[in-house]
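What the coordinates show
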Amino acid sequence: MDRMRFALCDDTDIERRIIRFMIDQYIKEHEYSVQVDEFDSGDALLKSDVTAYDLVILDIYMSGLNGIDTAKELLQIHPKGKIIHCSSSNEFAEESYDVEAFRYLVKPISPEKLHQS
């Protein structure tokens, strides 16, 4: 199996660490080959080669470019990439699917919900 690449974008360090831990646990349990790159803003993510990512886990509420606007730009650059939006509320759930998000998870995210994605 080819190595998969994920981008994890959240402006809160502790949230990135929690989600990263859940991803790492799942990868280890299932023996997948995955590279996870972390970003602290939508702007930083968009400066990377976003076409390299199979999956982007993207916070909604971020300083600077929010997750919905970041997803709009991602969609233009890499329409085949999958996006999982994460947010502390359901407020942007409908808008998230307008930018073709694969899933919308409400924080705090449980490992089971993330692993189902």
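Every value quoted in this text rests on a predicted model; they were computed, and no experiment measured them.

1. Thoughts on the sheet that holds strand β3 (residues 55–59)
An order of β2-β1-β3-β4-β5 is seen for the 5 strands of this open sheet, with the pairing classed as parallel. Pairing within the sheet leaves two strands with one partner each, and these edge strands are β2 (34–39) and β5 (103–106). Each adjacent strand pair in this sheet contributes to an overall mean axis angle of 20°, direction not counted. As judged from the 5 bridges shared by β3 and strand β4 (residues 82–87), these two strands associate in the parallel manner. Across the sheet, the residue bridging to L55 is K82, located in β4. Sitting on the sheet, helix α3 (residues 67–77) is in contact with β3 and β4, with an inclination near 155° to β3.

2. Notes on the environment of S63
With respect to the helices and strands, S63 occurs in the loop between β3 and α3. In this structure the C-alpha to C-alpha distance between S63 and T12, which are 51 residues apart in sequence, comes to 9.8 Å.

3. A short note on helix α1 (residues 13–30)
Given a rise of 1.5 Å per residue, 18 residues ought to cover 26 Å, and the 26 Å separating the end C-alpha atoms of α1 matches this to within 8%. Considered for burial, the residues of α1 that qualify are R16, I19, M22, I23 and I27. Down the axis of α1, the buried side of the element spans an arc of 135°, and every buried residue falls inside it. Exposed residues on α1 whose side chains face more than 90 degrees from its buried face are R17, F21, K28 and E29. Just downstream of α1 lies E31, where phi reads positive at about 55°.

Reading the values: the criteria
Residues numbered from 1 in each chain as written. Predicted model: local features only at pLDDT ≥ 70, side-chain atom pairs only at ≥ 80, totals over all residues. Heavy atoms only, no water. Pairing = 2+ DSSP bridges. Helix = DSSP H or I, 4+ residues; strand = E, 2+ residues; numbered from the N terminus. Axes fitted to C-alpha atoms, helices over the stretch in contact; angles between N-to-C directions. Contact = heavy atoms within 4.5 Å. Expected span 1.5 Å × (residues − 1). Buried < 20%, exposed > 50% of the residue type's maximum accessible area, 1.4 Å probe, protein only. Arc of directions from axis to C-beta.

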